[in-house]
Amino acid sequence: MKNNIRIVTLIIVITICFSSCNTIKYVADDELMLTENNIYVNNKKNVDDEINDYVVQRPNQQVLGFIPFPLHFYNIGNKDFEKDYEEWKNNKPGWYKFTSSVFSEKQTRGMRNFKYGVHQWFLKNGEPPVILNNQKTLQTIENLKLHYFNEGFLKADVTAKKDTIRNKKAEINYFVTTDKVFKIDTVSTVIESKVLDSIYTKNIEQSIIKTGSVFKTSSFSDEQNRLTQLYRNSGVYRFNKNAISFEADSIHSTYKSNVTLLINDSIANVPYKIQQIKNIKIHTDFFFNTKNKPIKDSVNYNGYLFLGREKLKYNPKFLLDAIFIEPNKIYKDENRELTRKHLRGLNNFRSVDIKYTELENDMLEAEIFLTPRKKYSIGTSTELTHSNIRQLGISGKLSFSNRNVFKGAEILNFSVQGSFLDSQDAAENETLLNAWEVGADISLEIPRFILPFNSNKIVPKTMSPKTTFTLGTSLQRNIGLDKQRFTGLIDYTWQTTKTKSHSFQLLNMQYIKNLNINNYFEIYESEFEDIEEIADTYFNIDLTTDTVIEFIDEYIDNDFETSNSTEYKTAINILNRYQILTEDVLVPSVAYTFTYNNSENYKDTDFSFFRARLVSSGNLTTLLSTSKDETGVKTIFNTQIAQYIKTDLEYKKFWNISRENVLAYKAFLGIAYPYKNSNSIPFSKSYFIGGPNDLRAWKIYDLGPGTTNSGLEYNVGNLKFLTSLEYRFKILNSIKGAFFVDAGNIWDISNNELTEENAKFKGINSIQDIAIGSGFGLRYDLSFILLRLDLGFKTYEPYLDNNKWFSNYNFNNTVYNFGISYPF
């Protein structure tokens, strides 16, 4: 409790210090500092943040909405340092001489330059006071008038009032009177071209300008774009949106407007016509510096003429999967853009250019100019890595690519990679980067589905179907028990819309082999201590890490269970965990993943993300397998087959609250259920909780399952729930801050009789098992990478008997999470 009081006191003191700083230090006597803008629409204060975008001049940025930290930072600097220094030098020559006598003249100048640099740094990285500018106020009035006019309020009026506050401060209040909104009364058309008029009439139901709709300027612009797109996708190649105009006759007394749509009948006196594509030429090896070289090779395939200045290197049949322009079909803008997009998506061409030439009889010739990338390429990369599992890592990768390997725009990739990692499992765990991992992968990317049947009707080529075959292996040292993995993957991916993508892994085969099982009880020390106590207390045996399993097999029997049931259960649980974590396992799975992401680009801070993944492992393999081990478990090559079903649901939502202030939310639910051939989920496929990208008030693997507080090094479960809410804000330039709340836990739903009761999921009653952590973080944005430090405080600890809330909410029990990039 004392620590909690100290934390609160510290926050209050810091807030008071910043609030009491002289914010008008650099505001002249004849100036006013702008502190607030208020917009009142029809006598009601505006709460729509979009309206604030039309305000030209805004107050200084405020951290958390009330502390102008960048302004205080700026005020620390001295704008008049050079002048003040010269005055000090002239007014106090004795002090200057004394300083110069103690230090040399050169050192004195160096000290002066150092102080000047410090002040300039504060001034450069801070934010100067925003001085009220009347011209910008007038510009804001005009912006607001134009905005409401564009929204249909043609008689809107905007005024501004300046309210002077004490200490050279002022706020501006804008008053908007919208009056009634204007609506469209009638819509008439003057379309001189019969071709255009016919297309318009057939699609009139899609018109944005309709009787009774609000008279919005944006509606006319949208209608202009709609019609342009409609005509150009209906074969009118020459059409330009400048041919479209509107006339409006507004009657102010009735707040209604009569609209006329006008479309010219020609361009440069050439009538609009629907034009077809006669010829399609595809230059597969076009380079600007060799464009005049003669064509040496050509193939006419299904009406497409493939041309090469050298021997053709692409199979026309497969290259056409990325081309949507068709001979003897009308011209369409959308086909041109689809072709450009899909050809670029092949990653075989450095540039894609599509040009059209008009021929006789209003026919068109399309030419596609493809500039190939280098067939062979070698790449290297290094990366600073961080995850929930590993606090720090440095990785390097060497990759080799062979493009168009089978003349169908396929890409063969081969890579080797290695990492040095920070692992607490290593014998020398005080040494940084004390573990390593090496691996190699080979993959073949094919820009179409490889299936024994034609899948075009199910997944047409517009959805960018792709097949990827992957083989890989990796070797770990000083990480857990040390593992070697072999992976085989057949993955089909496609994209149904701009925001929706799919992945179907027909095969995701993993073979996991543990290489260091003899060190199990040296790594899992807490389990060794428990079994060591049992051996010493009940059998007077001095146990070593090498003899634990032998001891359990010989001494932990039915007789021991009868007399010491609790200790018997502890020993059997240790044995079971040993068998689960040390067994080699084969995971042959099939998986489907659906992803929805409406983010426009990587800078977007207002979007939604949803991902659902369903995995089934071991069903077909166990049916085909005829081998069993001594316990009746089906195997392949003496390796147990993991059989389970697993589903993950993840949702993320981001809200752009205001300038560089973002509210981020994440929810995750995962369930994995073993059945038939398996009694448990393989350790690598189980769920854990905690860590810098998870429940940040607990370290990785420290929490759960349920309300158990076993102290084990690695706690896992097969049901996980996690939710996080984070408020991100800008502090100063590249320095960002965040406050967050995380909640979640893991449980066991395998119904194993040896599972502790408080580790099991019990339906709605398990809500009380959810742990809660909260805290704050600092982030430094380097543009190409974001460094993050989050401090997590244990807020609600479900495993405590009493005082579950705030019992360890202090800096002594804080978890410091170092991360790269945002947690989600």
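Just so it is clear, the structure is predicted and the values come from calculations on it, not from any experiment.

(A) Up close: the overall build of the protein chain. Across its full length, the protein chain holds 16 helices and 33 strands. The principal-axis extents of the C-alpha atoms in the protein chain amount to approximately 105 × 90 × 65 Å. Per-residue burial for the protein chain yields a buried fraction of 44% across its 824 residues. Once local pairs closer than 6 in sequence are excluded, the contacts in the protein chain between residues at least 24 apart make up 64%. Between the averaged position of the 96 positive side-chain charges in the protein chain and that of its 96 negative side-chain charges there is a distance of 10 Å.

(B) A look at the sheet that holds strand β7 (residues 256-263). Spatially, β5-β7-β6 is the arrangement adopted by the three strands of the open sheet, whose pairing is mixed. In this open sheet, the two edge strands, each paired with only one partner strand, are β5 (183-191) and β6 (244-251). When the angles between neighbouring strand axes are averaged without regard to direction, this sheet yields 20 degrees. Where β5 and β7 come together, eight bridges link them in parallel fashion. The residue of β7 that forms the bridge with Val187 is Val259. Taken strand by strand, helix α7 (residues 194-202) contacts β5 and β7, and its axis lies near 145 degrees from that of β5. Lying on the sheet, helix α8 (residues 217-232) is in contact with β5, β6 and β7; it crosses β6 at an angle near 150 degrees.

(C) Just the pattern of salt bridges, in detail. Evaluation of the coordinates by the stated rule reveals 32 salt bridges. Linking Asp694 and Lys720 is a salt bridge whose minimum nitrogen-to-oxygen distance equals 2.6 Å. Placement of Asp694 in the loop between β28 (661-674) and β29 (719-732) and of Lys720 in strand β29 is noted, with a sequence separation of 26 residues between them. This pair shows no difference in class: Asp694 is buried, exactly as Lys720 is. Its salt-bridge partner being Asp790, residue Arg696 comes within 3.1 Å of it at the nearest N-O pair.

(D) Expanded view of the packing of aromatic side chains. Under the definition given, this model contains 47 aromatic pairs. Within the aromatic cluster, the residues linked to one another by ring pairs are Phe776, Phe793, Tyr796, Trp805, Phe806, Tyr809 and Phe811. The side chain of Arg112 reaches across the aromatic face of Tyr85, ending 5.8 Å from its centre. The cationic tip of Lys646 hangs over the ring face of Tyr687; the distance from NZ or CZ to the ring centre is 4.8 Å.

(E) Region of interest: the pairing of strand β27 (residues 644-658). In the sheet, strand β23 (residues 608-617) pairs with β27 via 10 bridges, with the strands oriented antiparallel. By the bridge assignment, Phe609 is partnered in β27 with Lys652. With 14 bridges connecting them, β27 and β28 associate as antiparallel partners. Bridging from a neighbouring strand, Lys653 pairs with Tyr665 of β28. Connecting β27 to the next strand, β28, in antiparallel fashion are two residues, including Glu660 with a positive phi near 55 degrees.

(F) How the structure looks around the environment of Phe806. Topologically, Phe806 is positioned in the loop between β32 (786-796) and β33 (815-820). Assessed through its relative accessible area of 41%, Phe806 is described here as partly exposed.

Reading guide: rules and limits
Per-chain numbering applies: the sequence of each chain, read as written, is numbered from 1 onward. Given that the model is predicted, a residue must reach a pLDDT of at least 70 before its local features are reported, and side-chain atom pairs must reach 80 or more before they are shown or counted; all residues, however, enter totals for whole chains, interfaces and linings. As a convention, hydrogens and water are excluded, and side-chain values are obtained from all of the structure's heavy atoms. Helix and strand definitions follow DSSP, with helices as H or I runs of at least four residues and strands as E runs of at least two, each counted in order from the N terminus. Burial classes follow relative accessibility: with a 1.4 Å probe on protein chains only, a residue under 20% of its type's maximum area counts as buried, one over 50% as exposed, and anything between as partly exposed. The contact definition used throughout considers only heavy atoms, calling two residues in contact when any of these lie within 4.5 Å. Charged residues are defined narrowly, with Lys and Arg counted positive, Asp and Glu counted negative, and His plus the chain ends left uncounted. Charge positions are represented by NZ for Lys, CZ for Arg, CG for Asp and CD for Glu. By definition, two strands form a pair when at least two bridges between them are found by DSSP. Axis lines are fitted through C-alpha atoms, for helices just across the contact stretch, and the angle between N-to-C directions can take any value from 0 to 180 degrees. One speaks of a salt bridge when a side-chain nitrogen belonging to Lys or Arg is within 4 Å of a carboxyl oxygen belonging to Asp or Glu. When the centres of two rings from Phe, Tyr and Trp lie within 6.5 Å, Trp using its six-membered ring, the rings pair. Their planes under 30 degrees apart give stacked, over 60 give edge-to-face, and anything left gives tilted. We call a charge positioned over a ring when the NZ of a Lys or the CZ of an Arg lies within 6 Å of the ring centre and within 35 degrees of the ring normal.

Interpretation note: all reported values are geometric properties and have no functional meaning in isolation.
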